[in-house]
Every structure is written in structure tokens, then in C-alpha cells.
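# Structural features, examined
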Amino acid sequence: MVATLLCVTALSLPIDAATLTSTQQDTTCQSSAGYGYLSDIPYQWQEINGFCHWSALSMALRHAGAPLDLHNLFAASGIGFSAGYIRYEELAVFLSGAMLRQMEPLPTIASFYGLSIDIYMDDDVGIGTAYGPAMVAWGLNYTDMDGWTDTLDLIRTTIDDGYPLAIWTDPYYLPPSDYDFARTQGLQSQDTGSGHSVLCVGYNDTAGEVRIMDPGVGAFGENFGFPNDGRWLYSVSYSTLQNAMMHMSYGSVVIRTGNGPSDDFTSSLASYICERLRGDRSSYGEGLENIFFANFGADAFRGLSYDLTKESIIAYLDDVSPNKDDRYYTLIILGLQIEMGITLQYLSYRESLKTLPRILADLDLEAFLESASPAVSHLALLSENASLIDPYYSINGTILTQTFTNIAALYYETEDLEDAIEYHEQDLEDIRGHLIAIADAWVAAADTLEAALQGTDITMQLVVVSGLAIVIAVVAILYRRRST
Amino acid sequence: MAFQLPGSALVVLRSLARSGPMSPKEITSTTKLPPRTVSSAIKRLSRLRLLRRVPDLQDMRKCLYGPNLEVAKEMVTKYGSDSMVAVQLSLILAVR
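The notes below deal with the structure included here. (Residues numbered from 1 in each chain as written. Chains lettered and ligands numbered in written order. Predicted model: local features only at pLDDT ≥ 70, side-chain atom pairs only at ≥ 80, totals over all residues. Heavy atoms only, no water.)

Attention now goes to the overall build of chain A. A count of helical and extended segments in chain A gives 21 helices and 13 strands. Within chain A, buried positions represent 59% of all 484 residues. Taken as a whole, chain A presents about 17600 Å² of accessible surface, with 49% of it coming from carbon and sulfur. (Helix = DSSP H or I, 4+ residues; strand = E, 2+ residues; numbered from the N terminus. Buried < 20%, exposed > 50% of the residue type's maximum accessible area, 1.4 Å probe, protein only. Areas by Shrake-Rupley, 256 points an atom, 1.4 Å probe, with all protein chains shown as cover.)

This part takes up the overall build of chain B. On a plain count of helices and strands, chain B comes out with five helices and two strands. Reading chain B from its N end, one meets helices and strands in the order α-α-α-β-β-α-α. The C-alpha atoms of chain B give a radius of gyration of 13 Å, which matches the 12 Å a tight globule of 96 residues would have. Reported as C-alpha extents along the three principal axes, the dimensions of chain B are approximately 40 × 25 × 20 Å. Counting the 96 residues in chain B, one finds 48% classified as buried. In chain B, the share of contacts with a sequence separation of at least 24, taken over all contacts with a separation of at least 6, comes to 47%. Accessible surface for chain B amounts to roughly 5500 Å². Of this, 52% is attributable to carbon and sulfur atoms. Across chain B, the centroid of the 16 positively charged side chains sits 7 Å from that of the 6 negatively charged ones. (Rg over C-alpha atoms; globule rule 2.2 N^0.38 Å. Contact = heavy atoms within 4.5 Å. Lys, Arg positive; Asp, Glu negative; His and termini not counted. Charge placed at Lys NZ, Arg CZ, Asp CG, Glu CD.)

Moving on: a nonpolar patch on the surface. A contiguous nonpolar patch, built from A:Y88, A:L91 and A:F292 and spanning about 340 Å² of accessible area, is present on the exposed surface. Along the chain, A:F292 turns up in the loop between α10 (281–284) and β13 (294–296). (Patch = residues over 30% accessible without salt bridge, like charges linked within 9 Å, V, L, I, M, F, W, Y side chains within 5 Å. Salt bridge = Lys/Arg side-chain N within 4 Å of Asp/Glu carboxyl O.)

Residues and elements named next belong to chain A. The antiparallel open sheet is built from three strands, whose spatial order is β5-β4-β13. The sheet terminates laterally at β5 (91–96) and β13, the two strands that pair on one side only. Direction aside, neighbouring strands of the sheet carry axes that sit 10° apart on average. Note: strand β4 (residues 83–88) against β13, three bridges, orientation antiparallel. Within β13, the residue paired with I86 across the bridge is A294. (Pairing = 2+ DSSP bridges. Axes fitted to C-alpha atoms, helices over the stretch in contact; angles between N-to-C directions.)

What follows deals with the interface of chain A and chain B. Counting from both sides, the interface comprises 21 residues of chain A and, opposite them, 16 residues of chain B. Of the roughly 1600 Å² buried where chain A meets chain B, counting both sides, 51% is carbon and sulfur surface. Scanning the region where chain A abuts chain B turns up zero salt bridges. Breaking the side of chain A that touches chain B down by element, the ones donating at least two residues are α13 (324–359) and α16 (391–394) of chain A. Counting residues per element, the side of chain A that touches chain B draws most heavily on α13(A), at four residues. Residues belonging to the side of chain A that touches chain B are distributed by class as follows: nine nonpolar, six polar and six charged. (Buried area = accessible area lost by both parts, 1.4 Å probe. Nonpolar A, V, L, I, M, F, W, Y, C, P; charged D, E, K, R; others polar.)

Here we come to the side chain of A:Q345. Residue and element names in this part refer to chain A. Secondary-structure assignment places Q345 in helix α13. With relative accessibility at 0%, the residue Q345 sits in the buried group. At a separation of 3.1 Å, a polar atom in the side chain of Q345 contacts the main-chain amide nitrogen of G97. Q345 has contacts with I79, G80, S82, A83, F94, L95, S96, G97, F301, R350, L379 and W442, leaving out every residue within four places of it along the chain. (Polar contact = N/O pair within 3.5 Å; in protein donor to acceptor, adjacent residues only side chain to side chain.)

A word on the pairing of strand β2 (residues 63–67) of chain B. Residues and elements named next belong to chain B. β2 sits mainly inside the fold: five of its five residues count as buried. Alternating positions in β2 separate into two faces, C63, Y65 and P67 on one and L64 and G66 on the other, with burial throughout. As defined by bridge partners, strand β1 (residues 51–55) adjoins β2 across five bridges and the pair is classed as antiparallel. Looking across to β2, one finds that V54 is bridged to L64.

Next up on the list: the nonpolar core. Of all hydrophobic cores here, the largest spans 172 residues; its most connected members are A:Y113, A:V253, A:F301, A:Y349, A:F368 and B:L89. Sorting elements by how many residues they give to this core places α13(A) first, with 14 residues. Contact partners of A:Y349, with chain neighbours within four places excluded, come to A:G80, A:F81, A:L277, A:A372, A:A375, A:V376, A:L379 and A:W442. (Core = buried A, V, L, I, M, F, W, Y, C linked by side-chain atoms within 4.5 Å.)

The subject of this paragraph is the environment of A:S352. All names here are of chain A. Residue position: S352 is located in helix α13. A relative accessible area of 0% places S352 in the buried class. Separated by 37 residues in the primary sequence, S352 and I389 place their C-alpha atoms 22 Å from one another. Sequence-distant contacts of S352, defined by excluding residues within four places in its chain, comprise F74, A75, G80 and F81.

As a further point, take the packing of aromatic side chains. Residue and element names in this part refer to chain A. Scanning the model with the defined rule gives 22 aromatic pairs over all chains in all. Ring plane angle 55° and centroid distance 4.8 Å describe the contact between F51 and F74, whose orientation is recorded as tilted. Highlighted residues: F51 in the loop between β3 (35–38) and α1 (52–63) and F74 in helix α2 (residues 70–76), separated in sequence by 23 residues. For the pair F51 and F74, a shared accessibility class is recorded, and that class is buried. (Phe/Tyr/Trp six-rings, centres within 6.5 Å; stacked < 30°, edge-to-face > 60°.)

This paragraph deals with the packing of helix α3 (residues 106–113) of chain A against helix α9 (residues 265–278) of chain A. All names here are of chain A. Orientation of α3 relative to α9, taken along the N-to-C sense of each, is 155°, at an axis distance of 9 Å. Relative to α9, α3 is oriented roughly antiparallel. Taken together, the residues of α9 that come into contact with α3 (itself represented by T108, F112 and Y113) are F265, S268, L269 and Y272. Of the residues assigned to the contact of α3 with α9, the class counts are five nonpolar, two polar and no charged. (Parallel < 35°, antiparallel > 145°, perpendicular 65-115°, else oblique.)

Looking now at the pattern of salt bridges. Applying the stated criterion across every chain, the model contains 21 salt bridges over all chains. Each of the salt bridges in this network shares a partner with another, and the network as a whole consists of A:D153, A:R156 and A:D205.

Residues and elements named next belong to chain A. Tracing the backbone shows H53 in helix α1. Since its relative accessible area comes to 0%, H53 is described here as buried. Expressed as a C-alpha distance, the spacing of H53 and E366, which sit 313 residues apart in the sequence, is 31 Å.

What follows deals with the pairing of strand β10 (residues 209–213) of chain A. Residue and element names in this part refer to chain A. Here five bridges tie strand β9 (residues 196–204) to β10, and the two strands are oriented antiparallel to one another. The residue bridging C200 from the neighbouring strand is I212, located in β10. What sits between β9 and β10 in their antiparallel hairpin is a turn of four residues, with G208 showing a positive phi close to 65°.

Attention shifts here to α9(A). Residue and element names in this part refer to chain A. End to end, α9 covers 20 Å across 14 residues, agreeing with the expected 20 Å (1.5 Å per residue, within 8%). Most of α9 is tucked away, with 11 of its 14 residues classed as buried. Within α9 the residues assigned to the buried category are F265, T266, S267, S268, L269, A270, Y272, I273, C274, R276 and L277. Phi turns positive, to about 90°, at G279, one or two residues after α9. (Expected span 1.5 Å × (residues − 1).)

Read these as layout, nothing more, since geometry by itself doesn't imply function.
Quick look at the structure:
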């Protein structure tokens, strides 16, 4: 017997919080013992390698009644206004807000929009063995799963309840030809340390298959572009999905409807964005206040600029390796990875500035936009069209990769690292100038947003109102493989 | 008749090789070719995989086109370095 459940339809609503609803609408989910399928979930393409997690969540959020497409989610989650920079021993990495501890903003989003967001994973397998303790340290709750059988049961019951699951997978096992590169290169998540987030919208016990909406097809490779051919919707057998999810600790995120947006939505979100822009350590995670090697928000750009000096670059390479070849490739990949991180930041920040005025419609954001906008042009100058889809194709696209490639080449030729860096000091100074300008704009933006908030009648607001990238690690590996 | 690329495709490929990835509109402006000719050349070059698509960070709904040097090299190998298409590609893209 086919029992039809009442499920949530993603509504085409204006973006402001006042219109958010948790009201269930229409019938879009069919379910019975052994079969369930959620139709009419709006597809969200991730646009470029690096936004899969947020794109999968955007689909789930819209299904749960929060009208947040990817660009709105950049602003409403604060990730467009967040950044991190970590420099510790062999690690020097700039993380855009979209890549920075991707589970961390989820409770905040749940709180702002009155939703229930739950994380599931098996902390005994794959990345879960490291991710589980980290989540505990970050104060994030998750439900510990017991392997594949438990996960498949979760998929069944969640879809029967009318909700999709954003699941963490190894793209090596996913059928679209977009992932042939992983199969050809033999790149699995256990080698790359990365995965891909997709949305599971159905299951069929008779066929032994799940139905997947994949935000990532067309987001990289030589056939870059929106998947007009519809290959973003496909089926995967249970056994293939088990393989795809195993190393990713059978992880998933489920977003369920709740009580609707909080009464203080405007002030809560605006205050949160101020904290993110400034790099408030408590906002980025309690317990991180005294961790000297991590910087956030404006301080991430400032910290990175401080480390792009001769002394800091030499100290970093000394931490990595004394070997000439290793140091050569480390220099190139350092420039590339910073460029990738900045590019993701550029896109998410720029779109956040466009969408925030509609989300915080109660505030006068003119001064905020004026002070925040200068960062866009500096981010653009450090961003590159192709580095996230194929670094081998894009190399030397910006002053970042040009400078690091040039330093690497001169060092390789002369074996004098100090001289090689000094020779390109002017370029490094230009890069540092861009980073400091971004940091200054972020602080100024936080100040003006705070002023806008203080200039608003909060009592009126009370009446009115009612987040895995996946292939970034892979591209760096591919670059080195193809170069050697 | 030996396989070779038509003149309009060569003009488009040459402009991309010189200027880097461009949108169809930019190609039209750079080459002075009519938009329909550019569109047709892009289709032909794409079918041969001699172009690859690159994101346009200014507008993620659109994409830019750039030369696919790897495929060009494969074609030179496949048809032989003294073939017409190999000579064309070698002159434009400096592949051999």
C-alpha cells in the first residue's frame, strides 16, 4: 500500500526573514514501506568547486521552509563574512568562510531560522575518528551512527518523515562522468582527505537504490558549466553508496522544520556578522581564544599578510623540508592554495553583499555597503577564474601564483631562497597591501553594520520579524602529479 | 581532403591563445567576426575539444572559453606533425 505523506515544499518566497515559514505545504513526498521519494526540491548548482556542502544544505534548507539559495545562504549563515588563516608547523592555509569548519555555523543557522539541524556520523570509521573528537572540542553535537545498516535506516526514516539528507561521499564512487578524473587518477577520499556533499532525496528497497541530487556536476573540469542535461539527478545502488560514504564516516546532515525565525533575527544576524568580520575568536569557537596560530575574520587576512615576508616564508619552508624539490613545489602550491581560498572568499563575500540588504531589510545598510565594498576589488585581484577547476590550466593567473611560481623558479635555479624572495619583494609587498586593505574594509564594515544596528529601533524589529569542498585537496595533488 | 580547421575557428583560437580565456562577446569584439560566426566557431572547436570552459567569476551563470592545449597536442600526435591541422595548431598554439 502506498501511504502518501505530507511534505514540505520549497516556497518561492521573498528573502526577508519575515516571510520565513515552517508551514508544511502540498504533497511532494511519496513513501511506503521500502520506498520513499521527495520530489520538487529545488536544485542548487554549487557553481564552482568548493561550495558543495553549502549547496546541498541550501536545497535542504529550502525544503525545510527557509528560502535560502546559495547566495542568500552565504549572507544568512555569515560564511561570506567569515575567514580563517592557520599557520602551524608544516601547515599554512587560508580558509574561506565556506571551507572553515563547515559544521560550525549549523547551530547558528538553526537558531536564526528556527530550524532543527542534526549531524550524524560514525566516529569509529574513516574521517569520523578524527572529526568526532574535533566536533566535541568545538561544542558541536552529533548522533553517533553504527555503520552502514544504521545509516541506511536513517535514510529510510528521514525520507519517510519528509526530509532529505545532505550526505558526505567520496566522489570516486559516484556515477557521473564528472568524477572520472578521480577514478582515472585513482584518487579516493582516504588519499585526499576530502569528500563531496550531495543530497539524498529518495530510496527504493526493491531496486536497492537511493536517489541523489548532486550540486557538483559541471563545477570543475574542462566541461565546466551548469548541468543542463539533468545529470545532477541520478540513482546509486546501496552497495555503491555504502562504499562512497564509508571513509566519510557515513556522515549526513538533516534539516527539519522548527518554530520559525527567532524574534530577534535582525539583531542576532547583524551582530553575528560583525563578530565574523572582526574575527571575534569566541564567535569562531569557544576555546580558540588563546590559540595563537589561528586567526579569523579581518585578522585572517592580516595574519596571512604578516606571513608573506622573507623571514616568515623561509621559516615556513624550514618547517616543511630541507629538500630542494619539496620546497620548490611547496612554494608553488602555497600560492595556489591561497589563490583558491581567496577566490572562494571573493565569490561568497561579493554575493553576500548583494543579498544582505534583502535579508536585513529592517536596517539601513548604505554605509555598511560603502565601507565593505572596497574589499571586493582587492579580493578580485587575488582571485582566478580557473584555479578551482584546474590549477594546471590556470597557473600564474594572478599576482599570487605568479609571485610564488617566480620565487620557486628562481630558487630552483640558484638554490638561494633568500635572494629569490628578495628579488620578488615588491610583488610580495603588493600582495600584502591587498590583504591589509581587505582586513581594513572588513573592520570598517563591522563598525558601520554595528552603527546601523544601534540606529534601529529594536522594539520595531521585534514586531516586524517573525553549512565539505571537496576537490580542493585533489587539485593540488593533481597539479603536482602532472608536473612531475 | 585532409582534415583542417576553417578560417573562423583559427581566428577564434588564435585570439584565445593570445588573450587568454574570453566570453563569446569578448571574442566577437576582439576578432571583429560576426557573433554568429563566433558562435559557430566555438561550437566546432568545442566538438573537437579544442576549447575548454572556464568559470567567469564576474557572472557564474556564464563561462569563458580558453584553448585546450592538451587536446591540441593529442591532435598533432594523432594526425602527424606534417598534417594540415598539426601545422595550423602549431602555428597558433605553439604545440608540437
